[in-house]
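One letter stands for each residue in the lines below.
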Amino acid sequence: MQRQTLETTISRVENGRWLDTSDRVVLEEPLELRLNYVDGLARSEKAISITMRTPGNDAELAAGFLFTEGIIPCPTAVTGIAAAELASDPHNASDANTVTVRLADDIQLVWPSLERHFYATSSCGVCGKASLSALQVKGLKPILRDGFTFDTTLIPLLSERLRAGQAIFDRTG
């Protein structure tokens, strides 16, 4: 079974003092869904979707997704599911975090209806991407840890500032 949580060291501010402590956090990683299908006379494979999930039960998630999206008509349309192992680095997942679903030979796919381009969402933007390579943002560079600083007196004020900009949240909870 894949790890679903991770114990990590965090820094916390309590009563104006920094505390280094451990905390357990939920893992969330991208999962790429690939179809292995008959295209004419030969088998082909194509990535059709990517979603964020807590690792575990990836085969079941893939099968349920295919059924609820209307891609497969019934459970017998699937002849096999191969799930890759958890990536050691979710930011460089390559072939990890993938599920390949082998479809029965007689299943016909209508590709234009399976592709989701320009999917708009208020989430982080991962859901709706067709492949892990589509997550790469050209020109984006990670923040270097060496020399990165910020004013720690701002930390206690962040929650109040965030809430001040969330009038809808105050109304809806």
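Given the structure is predicted, the values throughout are model-derived calculations rather than measurements.

A. Layout of unusual backbone geometry. One non-glycine residue, N15, lies in the positive phi region at around 55°. Counting through the fold element by element, N15 comes out in the loop between β1 (5–14) and β2 (17–26). In this structure, N57 takes a positive phi of about 55° despite not being glycine.

B. Structural view of the sheet that holds strand β6 (residues 98–103). Taken together, the 4 strands give an open sheet; going across it, the order is β4-β3-β6-β5, and neighbouring strands pair in mixed fashion. Of all the strands in the sheet, the pair left with one neighbour each is β4 (42–53) and β5 (78–83). The mean angle between the axes of side-by-side strands here comes to 20°, regardless of whether they run parallel or antiparallel.

C. Seen up close, the nonpolar core. Membership of the largest hydrophobic core comes to 17 residues, with the highest contact counts inside it found for L33, L35, L66, V101, L103 and L109. For this core, the secondary structure elements donating two or more residues are β3 (29–39), α1 (58–68) and β6. In terms of residues, this core owes the most to one element, β3, which gives 4 residues. Discounting residues that sit within four places of it in the chain, L66 has contacts with L33, L35, I48, I71, I72 and V101.

D. Representation of the environment of V38 within the structure. Position of V38 relative to the elements: it lies in strand β3. It is 7.7 Å that separates the C-alpha atoms of V38 and I107, two residues lying 69 residues apart in sequence. Apart from the residues lying within four places of it in its own chain, the contact partners of V38 are R43 and D105.

E. Main features of the pairing of β4. As paired elements, β3 and β4 share 11 bridges and run antiparallel to each other. Looking across to β4, one finds that L35 is bridged to K46. With antiparallel pairing between neighbouring strands as the criterion, β3 and β4 make up a hairpin whose turn holds 2 residues, including G40 at a positive phi of roughly 75°.

F. Spotlight on the pattern of salt bridges. Considering all chains together, one arrives at 6 salt bridges under this definition. For E7, the salt bridge goes to R24, with nearest N and O atoms at 3.2 Å. Here E7, found in strand β1, pairs with R24, found in strand β2; they are 17 residues apart in sequence, far enough to count as distant. Ionic contacts of the salt-bridge type, sharing partners, join the residues E32, R34 and E45 into one network.

Conventions and cut-offs
Residues numbered from 1 in each chain as written. Predicted model: local features only at pLDDT ≥ 70, side-chain atom pairs only at ≥ 80, totals over all residues. Heavy atoms only, no water. Helix = DSSP H or I, 4+ residues; strand = E, 2+ residues; numbered from the N terminus. Pairing = 2+ DSSP bridges. Axes fitted to C-alpha atoms, helices over the stretch in contact; angles between N-to-C directions. Core = buried A, V, L, I, M, F, W, Y, C linked by side-chain atoms within 4.5 Å. Buried < 20%, exposed > 50% of the residue type's maximum accessible area, 1.4 Å probe, protein only. Contact = heavy atoms within 4.5 Å. Salt bridge = Lys/Arg side-chain N within 4 Å of Asp/Glu carboxyl O.

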